[in-house]
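Summary of structural features
These are the residues of each chain, in order.
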Amino acid sequence: MASRALARILDDFPDIKIDKVEYLSNRALAREAGVKTIPSLVCGENKLSGFMLTKGKIRSFLESL
């Protein structure tokens with residue numbers, strides 16, 4: 001659900017580049033980024049995570065960057 005919602009709103013944020021990281025094969029990177037829950041969005045110290053990342057939550061997160 002989060003990936004679909006993110007894909008729908010990315011056109012509104014042309015300056016933001018998204019790198020998708022597979023958690024299970026990149027656990028060390030996830031730990032370094034402070035990811036404890038999937039799905040998660042991380043930008044520097046800013047994190048958004050949760051079981052249900054809605055389009056509204058993702059948009060708010062991206063707007064806060």
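Notes on the structure follow. (Residues numbered from 1 in each chain as written. Predicted model: local features only at pLDDT ≥ 70, side-chain atom pairs only at ≥ 80, totals over all residues. Heavy atoms only, no water.)

Structurally, the position occupied by Ser3 is in helix 1 (residues 2-9). Placed 18 residues apart in sequence, Ser3 and Val21 show a C-alpha to C-alpha distance of 12 Å. (Helix = DSSP H or I, 4+ residues; strand = E, 2+ residues; numbered from the N terminus.)

Judged by nonpolar contacts, Ala2, Ala5, Leu6, Ile9, Phe13, Leu41, Leu48, Leu53, Ile58, Phe61 and Leu62 together constitute the single largest core of 11 residues. Counting residues per element, the ones that place at least two in this core are helix 1 and helix 3 (55-64). Counting residues per element, this core draws most heavily on helix 1, at four residues. Filtering out sequence-adjacent residues up to four positions away, Leu41 remains in contact with Leu6, Asn46, Lys47, Leu48, Ile58 and Phe61. (Core = buried A, V, L, I, M, F, W, Y, C linked by side-chain atoms within 4.5 Å. Buried < 20%, exposed > 50% of the residue type's maximum accessible area, 1.4 Å probe, protein only. Contact = heavy atoms within 4.5 Å.)

Further remarks concern the pairing of strand 2 (residues 46-49). Two elements, strand 1 (residues 40-43) and strand 2, share four bridges in a ladder whose sense is antiparallel. Opposite Val42, over in strand 2, you have Lys47 as the bridge partner. Hairpin geometry of strand 1 and strand 2 is characterised by an intervening segment of two residues between the two adjacent antiparallel strands and by a positive phi of about 60° at Gly44. (Pairing = 2+ DSSP bridges.)

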